[in-house]
Amino acid sequence: MSSTSQPAQTYPLPKQQIKSLLGRHRILASSAGVRVSPLCLGAMNFGDAWKGFLGECSKDTAWEMLDYFYDQGGNFIDT
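Residues numbered from 1 in each chain as written. Predicted model: local features only at pLDDT ≥ 70, side-chain atom pairs only at ≥ 80, totals over all residues. Heavy atoms only, no water.

1. Focus on the overall build of the protein chain
Argument step 1. The number of helices and strands found in the protein chain is 2 helices and 4 strands.
Argument step 2. Seen in sequence order, the protein chain has helices and strands lined up from the N terminus as β-β-β-α-α-β.
Argument step 3. In the protein chain, buried positions account for 16% of the 79 residues.
Argument step 4. For the protein chain, the share of sequence-separated contacts (at least 6 apart) that also reach a separation of at least 24 residues comes to 49%.
Argument step 5. A total accessible area of about 6,900 Å² is found for the protein chain, and carbon and sulfur atoms account for 55% of it. (Helix = DSSP H or I, 4+ residues; strand = E, 2+ residues; numbered from the N terminus. Buried < 20%, exposed > 50% of the residue type's maximum accessible area, 1.4 Å probe, protein only. Contact = heavy atoms within 4.5 Å. Areas by Shrake-Rupley, 256 points an atom, 1.4 Å probe, with all protein chains shown as cover.)

2. A few points about helix α2 (residues 59-71)
Argument step 1. The end-to-end C-alpha separation of α2 is 18 Å, in line with the 18 Å expected for 13 residues at 1.5 Å each.
Argument step 2. A positive backbone phi angle near 110 degrees is found at G73, which sits one or two residues after α2. (Expected span 1.5 Å × (residues − 1).)

3. Some thoughts on the environment of R24
Argument step 1. Relative to the helices and strands, R24 is located in the segment before β1 (26-27).
Argument step 2. Taking the C-alpha atoms as reference points, R24 and G73, separated by 49 residues in sequence, lie 7.7 Å from one another.
Argument step 3. Not counting residues up to four positions away in its chain, the partners in contact with R24 are I18 and P38.

4. Things to note about the pattern of salt bridges
Argument step 1. Tallied over the full model, the rule gives 2 salt bridges.
Argument step 2. K19 is paired through a salt bridge with D71; the nearest N and O atoms lie 2.9 Å apart. Of this pair, K19 sits in the segment before β1 while D71 sits in helix α2, and the two are 52 residues apart along the sequence.
Argument step 3. Owing to a relative accessible area of 57%, K19 belongs among the exposed residues under this scheme.
Argument step 4. Where K51 meets E56, a salt bridge forms, and the shortest distance between an N and an O atom there is 3.8 Å.
Argument step 5. Looking at E56, the relative accessible area reads 53%, which means it is exposed. (Salt bridge = Lys/Arg side-chain N within 4 Å of Asp/Glu carboxyl O.)

Take a look at the structure:
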């Protein structure tokens, strides 16, 4: 008995204006309906836990980066 996997069905999204290419979301996996931005924002250096190794990123700076990333269409964050 052979099993063939069917690709996940995709539905057209409503046309909307995007500010940057971060807004061109892609399907993360064919078996999930999660759409993510093409770039992932790495947040390992947010805060001061790794200050001696990575440098310090203040809370205000981290919020500014997150706000800008989201405003440009980003929704994929690696913590």
